Amino acid sequence: IEKEQIIRGDVLTEPDILKSTSLLDVKLTLLNGVKPLAHNSLVRFHHLATDTLARITLLGIDALQPGGSGYAQLRLQKPVSSLYGDRFILRRQTPLITVGGGIILDHLPIKRVNRSDLQSQKRLEEFEKGNDADRLRIIVEQKGIHGADEKYLQARLGMHPQHILEFTSDAVLILRQRPLLMISASSAKSFLEKVRSAVESFHQKNPLLPGYPKEELRSRLLPNLSTDIYQALLDHAVSSGTIQLQKDVVTVAGQKPQLSGEDEAMSELLENKVFETGIEFPGIAEVAARLQKKPENVNKIMYLLIRQGKIVKVADDFFMHRKTLDDVKSKIRSLKTTQKTFSV
């Protein structure tokens, strides 16, 4: 770029490590011998080579007294690029004198706060007194069930992914390492409990079906959750032994279709009937009429027999017994040994 494009306060950085923002969560300290600093005051903010106006939201107090310290959020007139732990200076507009300064605790807050926000006060206290692992836990918890991806983590911590991995703890789960994807242990636990409960309920209402269709489950529980995060959470649930994933169906680990006495008898009857029809299956409606059963019930049992590997679906409304199909294959193989080609 041309040097004329660079202005005072600009920062040179790698992509995705720093993001500029007009909000900063800070710990303020006022100098002795100056006037109290009231909530919503307008001051001049100096950070590195940056100089801009800032409006102050004091947390939990009406005014900061001389020599005192407190948590605050600064709303800046122009965005700055900063990092956790950076220092800054505050000056009054008129007269232009230094009144205090402080340390940046959250260089990329996710929202504006109000003065009575106790949760934000607690977060800033943990940021100030905690270590890097505590900061990682907090920013991952802020993303909740939606998880913290690599770009978010890099920007919030100002670190490369390999450094972030050094600060993991039991409170944070790594769903994927490349690209990095994390979720809080509490959010993952809540997700697993919801999924297990929904799938168990599905099994009770639909004992003949193999499980809950994966996308249908997502639309019911978390329609706004991205497919990427949803799949990563399901993979974690499978690895923990909570659920099983069979193609696009979610089941409780160890769950098998439960047949009533009547369904068991019908299953045996239907299997025999399909075997008897050989390669001339007459259709579901005709078989249901012969068995004096409802077509929808015959259809359910038929698909259960398919999942059990006893019946094969050849085309729409055309089924064969597995033994019949094996016999057809055997006959075709024997023909191949006696002649080079043969017609359908």
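Residues numbered from 1 in each chain as written. Predicted model: local features only at pLDDT ≥ 70, side-chain atom pairs only at ≥ 80, totals over all residues. Heavy atoms only, no water.

1. Thoughts on the nonpolar core
Right, on to step 1. Core analysis: the largest hydrophobic core is formed by 24 residues, its most contacted members being Ile145, Phe191, Val195, Val199, Leu217, Leu225 and Leu233.
Right, on to step 2. Secondary structure elements with two or more residues in this core: β11 (181–184), α5 (185–205), α7 (227–239) and β14 (249–252).
Right, on to step 3. In terms of residue count, α5 provides more of this core than any other element does, 7 residues in total.
Right, on to step 4. Setting aside chain neighbours within four positions, we find leucine 233 in contact with Ile145, Leu175, Ile183, Phe191, Leu192 and Leu225. (Core = buried A, V, L, I, M, F, W, Y, C linked by side-chain atoms within 4.5 Å. Buried < 20%, exposed > 50% of the residue type's maximum accessible area, 1.4 Å probe, protein only. Helix = DSSP H or I, 4+ residues; strand = E, 2+ residues; numbered from the N terminus. Contact = heavy atoms within 4.5 Å.)

2. A short note on the pairing of strand β6 (residues 69–80)
Right, on to step 1. The pairing of strand β1 (residues 21–30) with β6 spans 8 bridges and is classified as antiparallel. Among the inter-strand pairings, lysine 27 is bridged to a residue of β6, identified as tyrosine 71.
Right, on to step 2. Relative to β6, strand β4 (residues 50–58) is paired through 5 bridges, and the arrangement is antiparallel. The residue of β6 that forms the bridge with alanine 54 is leucine 76. (Pairing = 2+ DSSP bridges.)

3. Details of the sheet that holds β11
Right, on to step 1. As summarised here, the arrangement of the 3 strands in space is β9-β11-β10, forming an open sheet in which the pairing is antiparallel. At either end of the open sheet lies a strand with only one pairing partner, and these are β9 (148–149) and β10 (172–176).
Right, on to step 2. Across 4 bridges, β10 lies against β11 in antiparallel orientation. When the bridges of β11 are listed, arginine 176 appears paired with leucine 181.
Right, on to step 3. Across the sheet, helix α2 (residues 132–143) touches β9, β10 and β11, and the angle it forms with β11 is around 85°. (Axes fitted to C-alpha atoms, helices over the stretch in contact; angles between N-to-C directions.)

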